[in-house]
Amino acid sequence: MGSMSTGVGAAIAPAATTAALKPRPPGAEADGGDHTMKKNLPCPNSGNAFSKLPSMGLEINSKPKILTGDFGYTLEDVPHLSDFIPHLPKWYDMTLLSGLDCLFSVNSNALLPRLSILCRLSFIRIPYEAFILDVQVFFESDDVQACIVTCGGLCPGLNTVIREIVCGLNYMYGVKRVLGIDGGYRGFYSKNTVSLTPKSVNDIHKRGGTVLGTSRGGYDTKKIVDSIQDRGINQVYIIGGDGTQKGAAVIFEEIRKRGLKVAVAGIPKTIDNDIPVIDRSFGFDSAVEEAERAITAAHVEATSFENGIGLVKLMGRYSGFIAMYATLASRDVDCCLIPESPFVLEGPGGLFEYIEKRLKEHGHMVIVIAEGAGQELVSESLRASTAQQDASGNKLLQDVGLWISQRIKDHFSKQRKMTINLKYIDPTYMIRAIPSNASDNVYCTLLAQSAVHGAMAGYTGFTVGPVNGRHAYIPFDRINEKQNKVVITDRMWARLLSSTNQPSFLSSNQTVPPHQTTS
Ligand SMILES: Nc1ncnc2c1ncn2[C@@H]1O[C@H](COP(=O)(O)OP(=O)(O)OP(=O)(O)O)[C@@H](O)[C@H]1O
Ligand SMILES: O=P(O)(O)OC[C@H]1O[C@](O)(CO)[C@@H](O)[C@@H]1O
Ligand SMILES: [Mg+2]
């Protein structure tokens, strides 16, 4: 069996390896079954015990870790506890980093398209039999006090991720102490924690929602990090969307400033799929599947009545991915409206003209509208303020579904004197309150295991997720630099237009928004 050190306490392994196949190093003992390999051997020159770690007065380097090389090669590495805590003790641990394809570094040129996101170690392909012996682990199982928090809106798969973090820590690394934070970020300082064990989380993946509770707002960096410090927490697993990951980045910075040996790992959640860099967020697939059921109902209603129109409103505050994918999945949709693609109602090229044409051709039609679409039109028509926000600072939306239903009805009955039968379906909360489907369940497991391996290996300030199909760690600053949106000049939107055959709905004085001009 060969051996290899990655030099930064990291290891890569093929993602498809299984616990049963794990090679055992000489002297390693199984603990509690085949899957556990937990003998931690002190590394030579690894320093003193954790209690002797300095906690204050360290030089803080919060700049991205940029590596450069020949031919303009520029990579951003993932933060590691040893970057800001000197002489950190470490151990060799034979636990296989089975959830991770590679350690991930992102090309520092933010303007480059996603394809150029590189896996720093991806060129090292290690045959399974020959994989790594000296994986470095920066936490001893008994010293770990982990915590898990879920923030933001609900999303299918939250409970699966919670379950797999608890089980992953326990089964793979023998970590017994895992706390659940009650009710999102504010729970760190305003609620009691709950102890999580493999037994207590055993069945939770079958339920929708989050057993830990969640919330918007209530973010207070000092109080949160004080609570982490006071409770002796040294691994923080933060599950949430774009807002949550921004909060996680600030927590990480505060921890780094205080010089605490605390790993912070983000697991990206959102049905909106608005988190950039990663291929998709967990829960998205399940949400699309559920949305398709609503579209099917709308289609059945529409086809059963003269001039039937089925109108379905789906979630998607700033990004129309759910609407776009549910439309593509269903094939029953004649028109999909998303926030990224402005539209007009009246006049040539407007929505009303298209509806009339479609009803004349087919006798029915189905419209899918994302909740964030056409917000300027609604606000203008209702003279409502667009400045209202929720507790997290997200834009509060007008109900575009109800508004557009009324406008369509008024137009056809009053102006066109046509009988139409419009059925409005609003399944918004139904699509995110369900348990995750099979593919999301598998995906959630990989994300949770990646996060556990990364934290145990001493990485911090990172979000886990697949980048171009390979599971990776992405520094918070990369995840937080923009929002993922449907690019309407890109192929996927073009595919949708080919599928629905809808026009662009742009009036002659409207242009494609600036963020939509590249793919
Ligand atoms: N810029 C920020 N800095 C610090 N904390 C933030 C920031 N934005 C949001 N948060 C906090 O993160 C938590 C979740 O944010 P938010 O409600 O926006 O949901 P989210 O994580 O974006 O998920 P989703 O949008 O999918 O529901 C809230 O407690 C909020 O206060
Ligand atoms: O009503 P809530 O709970 O604030 O959530 C609504 C928002 O949550 C999301 O589903 C994201 O989680 C958005 O699509 C939606 O606008
Ligand atoms: Mg969000």
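None of these values were measured; they are calculated from a predicted model.

Our next topic: the site of ligand 1. Around ligand 1, the structure places 23 residues, and the nearest of them are Gly152, Gly153, Gly241, Gly243 and Gly247. It is helix 5 (residues 242-258) that contributes the most residues to the shell around ligand 1, six residues altogether. Taken together, the residues that form the shell around ligand 1 break down as four nonpolar, 15 polar and four charged.

Counting residues in hydrophobic clusters, the biggest one holds 127 residues, and the most contacted among them are Ile148, Tyr237, Ile322 and Val368. Among residues more than four places away in sequence, those in contact with Ile322 are Ile271, Asp272, Ala287, Val288, Ala291, Leu314, Met315, Gly316 and Ala370.

Here we take up the UniProt feature "binding site: Mg(2+)" (unreviewed entry) in the protein. Under the local residue numbering, the UniProt record ascribes the feature "binding site: Mg(2+)" (unreviewed entry) to Asp242. For Asp242, the position within the fold is in helix 5. Residue contacts for Asp242: discarding those within four places in its chain leaves Thr270, Asp274, Ile275 and Gln483.

This paragraph deals with the site of ligand 2. In the vicinity of ligand 2, the contacting residues are Gly152, Gly153, Gly241, Thr270, Ile271, Asp272, Met315, Gly316, Arg317, Glu371, Asp390 and Arg432. For the shell around ligand 2, a count of residues per class yields two nonpolar, five polar and five charged.

Attention now moves to the packing of helix 6 (residues 284-304) against helix 7 (residues 321-330). As a packed pair, helix 6 and helix 7 sit with axes 9 Å apart at the nearest point and diverge in direction by 60°. As summarised for this structure, helix 6 and helix 7 are arranged oblique, according to the angle between their axes. For the pair helix 6 and helix 7, the sense of crossing is right-handed. Between helix 6, through Phe284, Ala287, Val288, Ala291, Glu292, Ile295 and Thr296, and helix 7, the contact on the second element is made entirely by Phe321, Ile322, Tyr325, Ala326, Ala329 and Ser330. Looking at the contact of helix 6 with helix 7, its residues break down into ten nonpolar, two polar and one charged.

As a further point, take the environment of Thr296. Looking at where Thr296 falls in the secondary structure, it is placed in helix 6. Owing to 15 C-beta atoms within 10 Å, Thr296 belongs among the partly exposed residues under this scheme. Sequence spacing of Thr296 and Asp477 is 181 residues, and the spatial spacing of their C-alpha atoms is 40 Å.

Strand order in the open sheet made by the four strands is 13-14-12-15, with parallel pairing throughout. Single-partner strands in this sheet number two, and they are strand 13 (335-337) and strand 15 (421-425). Ignoring which end each strand starts from, the neighbouring axes of this sheet average 15° apart. Two strands pair when backbone bridges link them, and strand 13 and strand 14 (residues 364-370) are joined in this way by three bridges, in the parallel orientation. The residue of strand 14 that forms the bridge with Cys335 is Ile367. Helix 7 contacts strand 12 (308-314), strand 13 and strand 14 of the sheet and is inclined by roughly 150° relative to strand 14.

Of all the six residues making up strand 11 (residues 263-268), six are buried; the element is thus mostly covered by neighbouring parts of the structure. Burial along strand 11 is two-sided: the residues Ala263, Ala265 and Ile267 and Val264, Gly266 and Pro268 are all buried. Both strand 10 (residues 235-240) and strand 11 contribute to a ladder of six bridges, which runs parallel. The residue bridging Gln235 from the neighbouring strand is Ala263, located in strand 11. Where the polypeptide runs from strand 10 across helix 5 and back to strand 11, its parallel neighbour, the crossover connection is right-handed. With two bridges joining them, strand 11 and strand 16 (residues 462-467) adopt parallel strand pairing. Following the sheet pairing, Gly266 is matched in strand 16 by Thr463.

Mapped onto this numbering, the UniProt entry annotates "domain: Phosphofructokinase" (unreviewed entry) at residues 147-453. Secondary structure content for residues 147-453 is 42% helix and 14% strand, while the C-alpha to C-alpha distance between its ends is 15 Å.

Quick look at the environment of Leu402 now. Relative to the assigned elements, Leu402 resides in helix 10 (residues 400-415). Given 14 C-beta atoms within 10 Å, Leu402 falls into the partly exposed group. For the pair Leu402 and Ala384, spaced 18 residues apart in sequence, the C-alpha to C-alpha distance is 15 Å.

The rules behind these values
- Residues numbered from 1 in each chain as written.
- Chains lettered and ligands numbered in written order.
- Predicted model: local features only at pLDDT ≥ 70, side-chain atom pairs only at ≥ 80, totals over all residues.
- Near = placed C-beta within 6 Å.
- Helix = DSSP H or I, 4+ residues; strand = E, 2+ residues; numbered from the N terminus.
- Nonpolar A, V, L, I, M, F, W, Y, C, P; charged D, E, K, R; others polar.
- Core = buried A, V, L, I, M, F, W, Y, C linked by C-beta atoms within 7 Å.
- Buried ≥ 20, exposed ≤ 12 C-beta atoms within 10 Å, placed from the backbone.
- Contact = placed C-beta atoms within 7 Å.
- UniProt positions renumbered as here; feature names shortened; annotations may be inferred.
- Axes fitted to C-alpha atoms, helices over the stretch in contact; angles between N-to-C directions.
- Parallel < 35°, antiparallel > 145°, perpendicular 65-115°, else oblique.
- Left-handed = near helix turned anticlockwise from the far one by under 90°.
- Pairing = 2+ DSSP bridges.
- Right-handed = clockwise from strand over helix to strand, strands pointing away.

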